[in-house]
Amino acid sequence: MTALALQLRRIGTSARQVDRVFLASMAILAAVYLLDPSQLVPSVAFTLDAFVGTAPYLLLSIAIAAYATASGADNLISRAFAGHPVRMVFTAAAFGALSPFCSCGVIPLIAALLAMGVPLAPVMAFWLASPVIDPAMFVLTAGTLGTDFAVIKMIAAIALGLMGGFVTMWLVARGFLSDPLREGVGNGGCGGAKVRTHKDVIWKFWQEGERMTKFSKSALSNMMFLGKWLAFAFLLESMMVAYIPAESVSGLLGGEGIGPIAIATIVGVPAYLNGYAALPIMEGLIAQGMQSGAAMAFLVAGGVSSIPAAIAVFALVKRPVFALYLAYALFGSFAIGVISQVWLG
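Residues numbered from 1 in each chain as written. Predicted model: local features only at pLDDT ≥ 70, side-chain atom pairs only at ≥ 80, totals over all residues. Heavy atoms only, no water.

(A) Molecular detail of the overall build of the protein chain. Regarding its fold elements, the protein chain presents 16 helices and zero strands. Considering only contacts in the protein chain between residues 6 or more positions apart, those separated by 24 or more positions represent 84%. Looking at the protein chain as shown, the accessible area adds up to about 16000 Å², and 70% of this sits on carbon and sulfur atoms. (Helix = DSSP H or I, 4+ residues; strand = E, 2+ residues; numbered from the N terminus. Contact = heavy atoms within 4.5 Å. Areas by Shrake-Rupley, 256 points an atom, 1.4 Å probe, with all protein chains shown as cover.)

See below:
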């Protein structure tokens, strides 16, 4: 198959994906209009507000990825993830816990790293650790739920990244999870050439027309891809907010023993109560007798794999990688919840 034919095939695939996402969004809005007209405007407003709130992180990550591509700095980034696999996983997990990117904002960076040929194991470690905690989240968590809780959450972020990284490394060594990106997203495993090929970096890339074109195309492609999926994800999230009240969620998380931790994990994976907004709610529930372990499991699960993040991941990677990502979120969050309960009491 010629290069032109491959490109046309990718364009056709992309167009079909846009149509499906757009049609699904329109179908949801039409159903809301027919069944509950009063909810239409609040859902649209919620989607727009959520998108605007995520926009700074999204634009920053897209700009970084596009700049790295246009300037040639992607070679330096990929080399930073090069070296002994074990060291790469440790470095990626620690860096992820300190990075300021949310679970949605980190997606274009993940796509860029995989397209550069960075091994999936350290990318997964960074991917899992990044949305759980960041410096601002650490300070807010310490002020809301206590310093011990914040420290354990930081440790949990790194531990979750290490678990995901090393399990992924083991699976890849046995021939699984090759070429993790979906067709048309980046260039999959073929991007490994960028790790092996060392080219000059042109930091002021805007002085060259060809590189400016590359920057524009990369930024626009990432924005369109992520924009359509995140808008769809936030629309689904608005449905959860409207029809699954926070009181219903909090009512499931009470009690003692392992049961509430398991429920908190399952509820937290798709929950819309994640990140900064969940902290005061968890504070109130703990004050009412909720276990610290259940709160930790809920916060970690919601941070890693909330509805917007999960849909963005589903659109980015192939199904086995997506299934593994959810498995890490479930098992890791539950284990962290149990350990936290033993530690905090």
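(B) Spatial organisation of helix 8 (residues 147-173). Here helix 8 spans 39 Å end to end across 27 residues, near enough to the 39 Å set by a 1.5 Å rise per residue. With its phi angle positive at about 90 degrees, G175 sits one or two positions after the end of helix 8. (Expected span 1.5 Å × (residues − 1).)

(C) Seen up close, the confidence of the model for the protein chain. On average, residues of the protein chain score 77 in pLDDT, and 77% of them are at 70 or above. Note on residues 11-17: pLDDT is under 50 here. Beyond four places in sequence and across chains, it has two contacts. Predicted confidence is poor over residues 187-198, with pLDDT under 50, and the contacts of this stretch with residues over four places away or in other chains come to 21 contacts. (pLDDT = per-residue confidence, 0-100.)

(D) Main features of the packing of helix 8 against helix 16 (residues 319-344). Viewed as axis vectors pointing N to C, helix 8 and helix 16 meet at an angle of 140 degrees, and their least axial separation amounts to 10 Å. Relative to helix 16, helix 8 is oriented so that their crossing is right-handed. Contacts between helix 8 and helix 16 involve D148, F149, I152, I155, A156, L160, M163, G164, V167, T168 and L171 from the former and L324, Y328, F331, G332, I336, S340, W343 and L344 from the latter. Of the residues contributing to the contact of helix 8 with helix 16, the split by class is 14 nonpolar, four polar and one charged. (Axes fitted to C-alpha atoms, helices over the stretch in contact; angles between N-to-C directions. Left-handed = near helix turned anticlockwise from the far one by under 90°. Nonpolar A, V, L, I, M, F, W, Y, C, P; charged D, E, K, R; others polar.)

(E) Local environment of the environment of G284. As for its placement among the helices and strands, G284 is situated in helix 13 (residues 278-287). A relative accessible area of 27% means that G284 is categorised as partly exposed. A C-alpha to C-alpha distance of 9.9 Å links G284 and T144, two positions 140 residues apart in sequence. (Buried < 20%, exposed > 50% of the residue type's maximum accessible area, 1.4 Å probe, protein only.)

(F) Main features of the nonpolar core. In terms of nonpolar packing, the biggest core is built from 90 residues, with I110, W127, M282, V304, L316, V317 and Y325 touching the most fellow members. It is helix 10 (residues 209-243) that contributes the most residues to this core, 11 residues altogether. Not counting residues within four places of it along the chain, the set of residues in contact with Y325 comprises W127, L128, V304, S305, A309, A310 and V313. (Core = buried A, V, L, I, M, F, W, Y, C linked by side-chain atoms within 4.5 Å.)

(G) Structural detail: the packing of aromatic side chains. Enumeration according to the criterion identifies five aromatic pairs in this entry. A centroid spacing of 5.5 Å and a plane angle of 70 degrees characterise the contact between F90 and F166, whose relative ring orientation is edge-to-face. Within this pair, whereas F90 is found in helix 4 (residues 85-98), its partner F166 is found in helix 8, the two being separated by 76 residues in sequence. Its relative accessible area of 28% is what places F166 among the partly exposed residues. (Phe/Tyr/Trp six-rings, centres within 6.5 Å; stacked < 30°, edge-to-face > 60°.)

(H) Just the packing of helix 8 against helix 14 (residues 292-305), in detail. Running from amino to carboxyl end, helix 8 crosses helix 14 at an angle of 45 degrees, the nearest separation of the two axes being 11 Å. Relative to helix 14, the element helix 8 lies oblique. Helix 8 and helix 14 meet at a crossing whose hand is right-handed. Contact residues: F149, I152, K153 and L160 in helix 8; S292, A295, M296, L299, V300 and V304 in helix 14. Its residues assigned to classes, the contact of helix 8 with helix 14 shows eight nonpolar, one polar and one charged. (Parallel < 35°, antiparallel > 145°, perpendicular 65-115°, else oblique.)

(I) Geometry of helix 16. Spanning 26 residues, helix 16 covers 37 Å between terminal C-alpha atoms, matching the ideal 38 Å at 1.5 Å per step. Burial in helix 16 covers these residues: V321, F322, L324, Y325, Y328, A329, G332, S333, I336, G337, S340 and Q341.

(J) Spotlight on the side chain of Q39. Its place among the elements puts Q39 in the loop between helix 1 (3-35) and helix 2 (40-71). Overall, the relative accessible area of 15% leaves Q39 in the buried class. When near neighbours in sequence (up to four residues on either side) are disregarded, Q39 contacts V32, S238, A242 and Y243.

(K) Local environment of the environment of K214. Structurally, the position occupied by K214 is in helix 10. In the structure, K214 is positioned 143 residues away from S71 in sequence and 9.2 Å away in space, judged by C-alpha atoms. In this view, K214 contacts T69 and A70; residues no more than four positions away in its chain are not counted.

(L) Structural detail: a nonpolar patch on the surface. Nonpolar side chains collect at one region of the surface, where V151, I155, I339 and W343 lie side by side and expose about 400 Å² of accessible area between them. Taken together, the elements giving at least two residues each to the nonpolar patch come down to helix 8 and helix 16. By secondary structure assignment, the location of I339 is in helix 16. (Patch = residues over 30% accessible without salt bridge, like charges linked within 9 Å, V, L, I, M, F, W, Y side chains within 5 Å. Salt bridge = Lys/Arg side-chain N within 4 Å of Asp/Glu carboxyl O.)

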